[in-house]
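Descriptive structure summary
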Amino acid sequence: MTALSKLCRILSLTIIPLLCAASCAFIIWIIPGDYNHDLAALVNKRDLLISKKPPRVIFIGGSNLVALDSRHIELVLNESGAAYSVVNMGLWGGLDMARYLEGIKTYCRDGDMVIICQEYATLLSGNYFRFIKRNNEADKFFFLMRPPQISAYIGDYRLLYGAIKELILLDQLKIKTYIQALKDGAISRPCTGGYYRYREIYTPYGDRKSPFKTVRPLGESGFLFQEPKVSNLLYLKDFNDYARRRGIRVYFSFPPFPSGDYRVNRTHIDSLVHVIRDHLGLDILTMPEATVYPESCFANTVNHLLPHCEKNRTLALIEQLKKRI
């Protein structure tokens with residue numbers, strides 16, 4: 001066997017299979033499909049934001065927001081003469097909020113109001129910041145939400161490798177979701193391009209349809225927070241500075257919290273107020289003491305209110321929003 005024939009054989013055994021695999025991966029990527037993972041709702045919420053015309057009231061943060069009544073907020077604001085659409089981008093406290101804000105900022109427009117409402121643990125717990133640095137569960141969904149431009153891959157092999165890895169993982173999940181749809185007898189239903197069960201779980205405003213189940217003891221209760229580190233929270237200032245230059249107003253709203261946990265952590269929470277308002281320069285929509293509720297108001301964790309108490313929180317947000325509008 002000549003050297004040329006050996007080379008041709010090697011190429012046929014390596015290059016051709018790789019090309020076939022790449023072609024299959026690309027075909028799976030471009031065909032319509034959903035992803036049976038709740039973090040794929042990042043795509044649905046992005047699309048919801050895009051679909052609403054400015055001016056908009058945009059809530060963004062963790063799962064403490066998902067039980068809001070955004071429809072009621074929009075109706076009341078419109079009755080008072082403010083023509084705002086309300087978009088609830090709340091999803092999961094375990095997301096890297098800096099990355100989430102980076103992902104939506106190009107979709108925000110002049111006249112929008114962005115209300116950031118993060119759980120206390122995501123602001124005052126060193127464990128949270130260590131978690132988001134090592135946890136890569138959300139990476140593929142942030143990639144799905146906003147893939148980098150092709151020009152970004154030129155000369156950056158690490159970014160290219162990461163993109164290929166995310167694409168393969170997403171293709172695998174899409175195939176698994178097709179199989180799930182076959183089992184459910186739902187293969188013909190329209191795709192959202194995001195979470196497979198999004199329409200079952202979320203309203204057209206981005207709110208959760210069903211309340212959280214009541215569980216005792218409350219999850220995440222009894223945690224002791226640390227003093228806030230300004231360096232961990234600079235993404236809030238960066239986003240606020242970006243927004244101000246474009247006529248977008250940004251507010252920080254403190255999340256609901258049980259009265260017992262609030263008393264234990266009050267010193268650090270007061271320090272957090274000082275950091276957010278005085279160091280980072282954000283306007284505060286609702287102060288911590290305005291969102292303290294008895295333990296009986298919470299469902300399964302210190303972050304999730306039961307419907308009757310969530311109604312009170314929604315009304316309080318409306319009153320503060322009306323003052324700003």
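Attention here is on the structure that accompanies the text.

About the criteria used
- Residues numbered from 1 in each chain as written.
- Predicted model: local features only at pLDDT ≥ 70, side-chain atom pairs only at ≥ 80, totals over all residues.
- Heavy atoms only, no water.
- Core = buried A, V, L, I, M, F, W, Y, C linked by side-chain atoms within 4.5 Å.
- Buried < 20%, exposed > 50% of the residue type's maximum accessible area, 1.4 Å probe, protein only.
- Helix = DSSP H or I, 4+ residues; strand = E, 2+ residues; numbered from the N terminus.
- Contact = heavy atoms within 4.5 Å.
- Polar contact = N/O pair within 3.5 Å; in protein donor to acceptor, adjacent residues only side chain to side chain.

**Focus on the nonpolar core**
Judged by nonpolar contacts, the single largest core of 66 residues is most densely connected at Ile60, Tyr100, Val114, Ile116, Phe141, Leu233 and Leu236. It is helix H11 (residues 259-279) that contributes the most residues to this core, six residues altogether. Residues in contact with Val114, not counting those within four places in the same chain, are Ile58, Ile60, Cys108, Phe239, Ile248, Arg249, Val250 and Tyr251. Counting residues in hydrophobic clusters, the runner-up holds 18 residues, among them Ile73, Leu77, Tyr84 and Met113.

**Quick look at the side chain of Arg46**
Summarising the element assignment, Arg46 is placed in helix H2 (residues 41-51). The contact partners of Arg46, leaving out residues within four places of it in the chain, are Met89, Tyr107, Leu144 and Met145.

**Things to note about the side chain of Thr122**
Of note, Thr122 is situated in helix H5 (residues 121-124). Its relative accessible area of 5% is what places Thr122 among the buried residues. In this structure the side chain of Thr122 is engaged in a polar contact, spanning 3.0 Å, whose partner is the side chain of Gln118. A distance of 2.7 Å separates the side chain of Thr122 from the backbone oxygen of Glu119, its partner in a polar contact. Setting aside residues no more than four positions away along its own chain, Thr122 makes contact with Gly93, Tyr128 and Phe129.

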